[in-house]
Amino acid sequence: MQKTITVKGITIGEGAPKICVPLVGKTISDLKKEAAYLQTLDPDVAEWRVDFFEYAEDVAKVMEALTDIRTVLCDIPLIFTFRSAKEGGEKQIDTASYLELNKAAAKSEQVEFIDVELFNREEDVKTLIETAHACHVFVIVSNHDFDKTPPKEEIVARLRKAQELGGDLPKIAVMPNSTADVLTLLDATLTMKEQYADRPIITMSMAGKGVISRLAGEVFGSALTFGAGKQASAPGQIPVAELRQVLSLLHASR
């Protein structure tokens, strides 16, 4: 039986996929406004995409901004994510800074999740997972391919690796170059869920072609999906209200 993850009354891994909305403001003022707007959308989870923040490399200012966000989003589970440029993010930072930033977030008592990229050095991924778990913070171990969709076997292998390393939520997002690529991602998701996963997983096929993957997670096995707030953080995200309507419809028909 697969484990579920429950934070602040939200259970990931059962029922309809939970909806996560990103915060992508560049300044603290922008982030406060965005967080207040996000509250009106009533998402299940929020994600702060720190790589959009103008002072993303200044740990003290990041922690200050995090406190301001948390003050507004006090009841919503929060994911702390610095997405590297090589995986589609806004900035690239050196390994030491990446580790420092994520360790500070894990120890801050302000977040429920940190996102750690799978394609870092294995020992660094393990260190961040250990640090987070010691602070009772869950870890999303993620991989993003903005160019293509790898073969099914490779998608499953990456998700299994994220699980083996101790990630609480293995995640993969891939870019489809054909409709068949979307089917590859969905097939890989189903195989991972039915044959290997002992915890919730997150998968998606990006851009317009892949929108179905953001909607059909309950059918194929993805436990969380991303909707757009004021601004999307990745191609293919759709507005929260529309996303919730479709997820509810699919859930009711199962």
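Residues numbered from 1 in each chain as written. Predicted model: local features only at pLDDT ≥ 70, side-chain atom pairs only at ≥ 80, totals over all residues. Heavy atoms only, no water.

Where an unreviewed UniProt entry is consulted, the chain appears under the name 3-dehydroquinate dehydratase, with the organism given as Evansella caseinilytica. UniProt lists a comment for the chain under the heading Catalytic activity (unreviewed entry), and it reads "3-dehydroquinate = 3-dehydroshikimate + H2O". (UniProt positions renumbered as here; feature names shortened; annotations may be inferred.)

We now examine the sheet that holds strand S3 (residues 18–23). Spatial strand order, S9-S8-S7-S6-S5-S4-S3-S10-S11: 9 strands in an open sheet with parallel pairing. Both edges of this open sheet fall to strand S9 (202–205) and strand S11 (238–239), since each of them pairs with a single strand only. When strand S6 (residues 113–117) meets strand S7 (residues 138–145), the two strands line up parallel, connected through 5 bridges. Bridge pairing in S7 links Val-116 to Val-141. Relative to the sheet, helix H2 (residues 59–72) contacts S3, strand S4 (45–49) and strand S5 (78–81), its axis offset from that of S5 by approximately 160°. Against the sheet, helix H3 (residues 95–107) makes contact with S5 and S6, and its axis sits at roughly 160° relative to S6, the strand it touches most. (Pairing = 2+ DSSP bridges. Helix = DSSP H or I, 4+ residues; strand = E, 2+ residues; numbered from the N terminus. Contact = heavy atoms within 4.5 Å. Axes fitted to C-alpha atoms, helices over the stretch in contact; angles between N-to-C directions.)

Next up on the list: the UniProt feature "active site" (unreviewed entry) in the chain. When the UniProt feature table is mapped onto this chain, "active site" (unreviewed entry) is found at His-144 and Lys-171. Across 28 residues in sequence, these annotated residues keep their C-alpha atoms within 8.5 Å of one another, forming a single compact spot. Checked against the element boundaries, His-144 lands in strand S7. The buried category is assigned to His-144, whose relative accessible area is 9%. For His-144, the side chain forms a polar contact with the side chain of Arg-83, separated by 3.4 Å. Note that Lys-171 resides in strand S8 (residues 169–174). On the accessibility criterion, Lys-171 (7% relative accessible area) is buried. Discounting residues that sit within four places of it in the chain, Lys-171 has contacts with Arg-83, Asp-115, Ile-140, Val-141, Ser-142, Asn-143, His-144, Leu-159, Ile-202, Met-204 and Phe-226. (Buried < 20%, exposed > 50% of the residue type's maximum accessible area, 1.4 Å probe, protein only. Polar contact = N/O pair within 3.5 Å; in protein donor to acceptor, adjacent residues only side chain to side chain.)

Looking now at the packing of aromatic side chains. Under the criterion given, the structure shown has 5 aromatic pairs. When the ring of Phe-82 is compared with that of Tyr-98, the centres are 6.5 Å apart and the planes differ by 80°; the resulting orientation is edge-to-face. Within this pair, whereas Phe-82 is found in the loop between S5 and H3, its partner Tyr-98 is found in helix H3, the two being separated by 16 residues in sequence. Taken individually, Phe-82 and Tyr-98 each receive the classification buried, so the pair is uniform in this respect. When the ring of Phe-113 is compared with that of Phe-138, the centres are 5.7 Å apart and the planes differ by 35°; the resulting orientation is tilted. Note that Phe-113 is positioned in strand S6 and Phe-138 in strand S7, a separation of 25 residues in sequence. (Phe/Tyr/Trp six-rings, centres within 6.5 Å; stacked < 30°, edge-to-face > 60°.)

Next up on the list: the UniProt feature "binding site: 3-dehydroquinate" (unreviewed entry) in the chain. Mapped onto this numbering, the UniProt entry annotates "binding site: 3-dehydroquinate" (unreviewed entry) at Glu-47, Trp-48, Arg-49, Arg-83, Arg-214, Ser-233 and Gln-237. Along the chain, Glu-47 turns up in strand S4. In this structure Glu-47 comes out as buried when scored by relative accessible area, which is 3%. As for its position among the elements, Arg-49 is in strand S4. Arg-49 sits in the buried class, given a relative accessible area of 5%.

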